[in-house]
Amino acid sequence: MAYKILFMGASYGSLLASKLIPGGHKMHFICLPAEAELINKEGIRIKMPVKGREGLVEINSQKLGAKLSASGTTGVNPSEYDLVCLAMMEPQYRSPGVRELLDAVAKAKVPCMSIMNMAPLPYLKRIPGLNVDACRGAYADATVWDSFDPHYLTLCSPDPQAFRPPDEKVNVLQVRLPTNFKAAKFDSDKHTAILRQLEKDVDAARYDDGTGNKIELPVKLKVHDSIWVPLAKWPMLIAGNYRCVTKDGIRPIKEAVHSDPAASKAAYDWVVKLAISLGATEKDMVPFEKYANAALSLLTPSSAARALYGGAPNIERPDRLMQAIGKQKGMQSAVVDEIVKLVDAQLELNRAKAKAA
């Protein structure tokens, strides 16, 4: 069965979309005008490494006959879609136009899957015993989530690492770490069935390698019964992505993890313990050693660190979220506290510069 899927965000969203093309699904991206014009004209191109092969394999949506389109927020009716995928960075949802569309998505009660690093506020309401109101301060604008019923929202861990090559057009995405998307089921079996079908479609897909051979590509969609599985990304964010930020500037994820492996493991283990205090099990999490090995290929700073030192007035704040949850659980991490302090200070500088400009 082919679905209509709305992607709010075309950069990272194009990676998941590219894996859904062979299933015949009709997909629409919400993005900036220049992106929309290019996608409508040339489609999307995803480049990724494949184990045992030299170079990168490219998925070109036009060559696959993909049913893709793109636009801004105007005139989009969420109720026409079977699934909405949240693929922007969390602060972007407070932007004019995007805010109103997100609210319309919530009120239309369309099943919605987030692939953000920052768990949407309504998803946290699915975690038993968590005081979600105490977490609102971690969000750029918590009010954008107020219309959501948690029943219609799930979280997918954005484990694959990808970036837009600076020398390419904005419809090109390059995968650096081709791991899997890990989604938690919805509360509703009917909505979860959509994800299960997408999972099967991605598993069955084969791609032409350019020589006429059909090959299987990495980056799958895996659907889990546990609502805690997507939290497996949290320790990675603290041990790697947000420890790219230092008092002396930013550094690559590889360096953040491997310059002091013991400190990285301690930070990682603290977040694992935090997730377990919420109800997760060790099985839901990724062992530190496996993550540390993957981090060897992450040779640039995280997107959050780059945005922070690129002058962004807001970035996603999973560091603040974990600090707030830790306080509820009587847990404190000096590493998380230091990250919060460093990011807060840089954001204040960015906002002051923007104000003065």
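Calculation criteria
- Residues numbered from 1 in each chain as written.
- Predicted model: local features only at pLDDT ≥ 70, side-chain atom pairs only at ≥ 80, totals over all residues.
- Heavy atoms only, no water.
- Buried < 20%, exposed > 50% of the residue type's maximum accessible area, 1.4 Å probe, protein only.
- Helix = DSSP H or I, 4+ residues; strand = E, 2+ residues; numbered from the N terminus.
- Arc of directions from axis to C-beta.
- Contact = heavy atoms within 4.5 Å.
- Phe/Tyr/Trp six-rings, centres within 6.5 Å; stacked < 30°, edge-to-face > 60°.
- Pairing = 2+ DSSP bridges.
- Axes fitted to C-alpha atoms, helices over the stretch in contact; angles between N-to-C directions.
- Core = buried A, V, L, I, M, F, W, Y, C linked by side-chain atoms within 4.5 Å.

**What to know about helix α1 (residues 13–20)**
Along an α-helix, a turn takes 3.6 residues, which lines up residues three or four apart on a common side.
Then comes step 1: Most of α1 is tucked away: 8 of the 8 residues are buried.
Then comes step 2: Restricting attention to buried positions, one finds in α1 the residues G13, S14, L15, L16, A17, S18, K19 and L20.

**With respect to helix α9 (residues 288–295)**
Then comes step 1: Within α9, burial applies to F288, Y291, A292, A294 and A295. Along the axis of α9, the buried positions cluster into a sector of 160 degrees, meaning they face one direction only. With respect to the buried face of α9, the exposed residues turned more than 90 degrees away are E289, K290 and N293.
Then comes step 2: Lining the buried residues of α9 we find β10 (172–177), α6 (233–239), α7 (253–258) and α8 (261–278).

**Topic: the side chain of Q161**
Then comes step 1: By the secondary structure assignment, Q161 is in strand β9 (residues 161–163).
Then comes step 2: We classify Q161 as buried; its relative accessible area is 14%.
Then comes step 3: Discounting chain neighbours no more than four positions away, the residues touching Q161 are Q174, V175, R176, L177, K233, I253 and L298.

**Points about the packing of aromatic side chains**
Then comes step 1: Applying the stated criterion to the full structure yields 6 aromatic pairs.
Then comes step 2: When the ring of W145 is compared with that of F148, the centres are 5.7 Å apart and the planes differ by 40 degrees; the resulting orientation is tilted. Like W145, the residue F148 is buried in the burial classification.
Then comes step 3: The interplanar angle of 70 degrees and the centroid separation of 5.3 Å between the aromatic rings of Y268 and F288 together place this pair among those described as edge-to-face. Taken together, the positions of Y268 in helix α8 and F288 in helix α9 put the pair 20 residues apart, joining distant regions of the chain. The residues Y268 and F288 share a single accessibility class, namely buried.
Then comes step 4: Counting every residue linked through ring pairs, the aromatic cluster contains Y93, W145 and F148.

**Comments concerning the environment of Q197**
Then comes step 1: With respect to the helices, strands and loops of the structure, Q197 is situated in helix α5 (residues 189–204).
Then comes step 2: Given the relative accessible area of 24%, Q197 is considered partly exposed.
Then comes step 3: Taking the C-alpha atoms as reference points, Q197 and V223, separated by 26 residues in sequence, lie 9.9 Å from one another.
Then comes step 4: In contact with Q197, not counting residues within four places along its chain, are M1 and Y3.

**Description of the sheet that holds β10**
Then comes step 1: The strand order across the open sheet formed by 4 strands is β4-β3-β10-β9, and the pairing between neighbours is mixed. Unpaired on one side and paired on the other, β4 (56–60) and β9 mark the two borders of the sheet. Adjacent strand axes in the sheet meet at a mean angle of 25 degrees when their direction is disregarded.
Then comes step 2: In the sheet, β9 pairs with β10 via 3 bridges, with the strands oriented antiparallel. Its bridge partner lying in β10, F163 is registered against Q174.

**Overview of the nonpolar core**
Then comes step 1: Grouped together as the largest cluster of nonpolar side chains are 83 residues, with contacts concentrated most on M8, Y93, L124, W145 and W234.
Then comes step 2: Of all the elements, α8 adds the most residues to this core, at 8 residues.
Then comes step 3: Sequence-distant contacts of W145, that is, excluding residues within four places in its chain, are made with L86, E90, Y93, L102, M116, P120, L121, P122 and Y139.
Then comes step 4: Counting residues in hydrophobic clusters, the runner-up holds 45 residues, among them M113, L195, L221 and V223.

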